[in-house]
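Fold and contact review
Listed below, chain by chain, are the residues.
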Amino acid sequence: MTRRRVLVALGGVAISAIFLWLAIRDANAADVKAALEDAEPGLVLLAVVVYGVCYFLQAVRWRLIANTPTPRLRRFYSMVVCGLACNNVLPVRIGELLRAGWLSREAPMPGGRALGTVALDRVCDIVTLALFLVIGIQAVPTPAWLKRIVIGALLLLVLLAAALVFARWYTRTRERDRHTRGRIRRIIRDTIDMLGEPVGRRRAATWLGLSVLTWTISTFAVYLVAQSVDIQLGPLDAVFVTSALALGVAIPSSPGYVGTYQALGVAALGLLDVSASEALAFAILMQASWYVPTTLIGGAIIGWRALRMGERPRAIAAKTPRVRD
């Protein structure tokens, strides 16, 4: 690893440690343990299934954005899960870049266009979560930290809109140089071209509709995990907690969002008059419901495909007739 990457990794670990301390400082370890032991495992397992449905809908949306006949939908689903697994264990959300690389090879399409599809996929999530947060804050008071998240989400929307407008303007006014040299320049131009392409109202509505459906179902998973530890959440409460957790993990941290996720869970539920111990137990189960399955399944898929890729050269070599001297 380069020195810069080491510093980034250490910085993320330090931020996670700070947030983890914020999450546990007001919680009672015995109460947290009791809440976890008394949790209803059936509801948590049902939440795991619900998240599986969410990943399927994300795969459908991503395939529509990519607008390519290959690979098949099940491969898009596995790429989504594998990308999440990599984000869980590797720094700087490298799973998104890996998703673009996998799509580029298997579609096939230029790497920049594949990266553009991932960017549009993430834009749909951000727009939907910002909308959910605006709706959800109606159920809670708005302390300073929550106002900062709302302001940050709105600023992010403005920046994303500006980036899309710039991409459209750039592709219209700057003709592409067919002899562009350098891989990085080609990737950047391909990405801008992808982001600058006209989408159309129907396609955009379909993407956003799938995003709203995905995060609505994800809200149900939050409700199930809360019920498992006897925390009663209303519809607006669940929408607020879902959006706060999802947008809050954009804060730089260690892989898997350890620390930041727990702190945000405790802070969000604290606004709903839930004790720190119950809220921490909820955050632990909530993270486990998506972290453990995606890491195990995504890691298994990556390992299996790596073994298959390793076997291909040996199979080809075995079939190739040897030339005798």
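It should be emphasised that the depicted structure is a prediction, and the values quoted were computed from it without experimental measurement. Residue positions within a chain follow its written sequence, with the count starting from 1. Thresholds applied to this predicted model are a pLDDT of at least 70 for local features of residues and 80 or more for the giving and counting of side-chain atom pairs; totals over whole chains, interfaces and linings are not thresholded and use all residues. Each side-chain value is worked out from all heavy atoms of the structure, with water and hydrogens disregarded.

This paragraph deals with the overall build of the chain. Strands are runs of DSSP state E lasting at least two residues, helices are runs of H or I lasting at least four, and both sets are numbered from the N terminus onward. Of regular secondary structure, the chain possesses twelve helices and zero strands. Burial classes: relative accessible area under 20% of the type maximum marks a residue as buried, over 50% as exposed, and values in between as partly exposed (1.4 Å probe, protein chains only). Across the 325 residues in the chain, those meeting the buried criterion constitute 42%. In the chain, once contacts between residues fewer than 6 apart in sequence are set aside, the share between residues at least 24 apart is 73%. Per-residue and other accessible areas follow the Shrake-Rupley method at a 1.4 Å probe size, with only the shown protein chains counted as cover for residues. With the model as given, the accessible surface of the chain reaches about 18200 Å², and the carbon-plus-sulfur share is 65%. Between two residues, a contact is recorded if the distance between any of their heavy atoms is within 4.5 Å.

A few words on the packing of helix α6 (residues 111-136) against helix α8 (residues 183-196). Between two packed helices, both the angle of their axes relative to each other and the distance between the axes serve to describe the pair. Fitting a line to C-alpha atoms yields each axis, with helices limited to the stretch in contact; the angle taken between N-to-C directions then spans 0 to 180 degrees. Orientation of α6 relative to α8, taken along the N-to-C sense of each, is 45°, at an axis distance of 7 Å. When the axes of α6 and α8 are compared, the pair comes out oblique. The handedness of the crossing between α6 and α8 is right-handed. Along its contact with α6, which presents Gly 112, Arg 113, Leu 115, Gly 116, Thr 117, Ala 119 and Leu 120, the element α8 presents Ile 187, Asp 190, Thr 191, Met 194 and Leu 195. Under the scheme applied, nonpolar residues are Ala, Val, Leu, Ile, Met, Phe, Trp, Tyr, Cys and Pro; charged residues are Asp, Glu, Lys and Arg; polar residues are all the others, including Gly. When the residues that make up the contact of α6 with α8 are grouped by side-chain class, the tally is six nonpolar, four polar and two charged. Any angle that is under 35 degrees is reported as roughly parallel, and any over 145 degrees as roughly antiparallel; angles of 65 to 115 degrees are reported as roughly perpendicular and all others as oblique. Crossing handedness is read from the near helix: turned anticlockwise from the far helix by less than a right angle, it gives a left-handed crossing, and turned clockwise, a right-handed one.

All right, on to the packing of aromatic side chains then. For any pair of aromatic rings, the description consists of the separation of the ring centres together with the inter-plane angle of the planes. Pairing of aromatic rings covers Phe, Tyr and Trp, the last through its six-membered ring, and needs centres within 6.5 Å; plane angles under 30 degrees mean stacked, over 60 mean edge-to-face, and all others mean tilted. This model, assessed by the stated rule, comprises ten aromatic pairs. Residues Tyr 51 and Tyr 55 carry aromatic rings whose centres are separated by 6.3 Å and whose planes lie at 20° to one another, so their mutual orientation is stacked. Taken together, the positions of Tyr 51 and Tyr 55, both in helix α3 (residues 41-66) and four residues apart, correspond to about one turn of that helix. With respect to burial, Tyr 51 and Tyr 55 carry one shared label: buried. Residues Trp 62 and Phe 76 carry aromatic rings whose centres are separated by 5.1 Å and whose planes lie at 85° to one another, so their mutual orientation is edge-to-face. Remark: Phe 76 occurs in helix α4 (residues 73-89) and Trp 62 occurs in helix α3; sequence separation between them is 14 residues. Overall, the relative accessible area of 0% leaves Trp 62 in the buried class.

Leu 103, Phe 240, Leu 269 and Phe 282 are the most contacted members of the largest nonpolar core, which has 71 residues in total. Considering each element in turn, this core owes the most residues, nine residues, to α3. Once residues lying within four places of it in the same chain are set aside, the contact partners of Leu 269 are Ile 231, Leu 233, Val 241, Val 274, Ala 279 and Phe 282. Joining through side-chain atoms within 4.5 Å is the link that ties buried Ala, Val, Leu, Ile, Met, Phe, Trp, Tyr and Cys residues into a set, and such a set is a nonpolar core. The next biggest cluster of nonpolar side chains, apart from the first, holds five residues, and it includes Ile 65, Leu 120, Cys 124 and Met 194.

As far as function goes, none of this settles anything; it's purely spatial.
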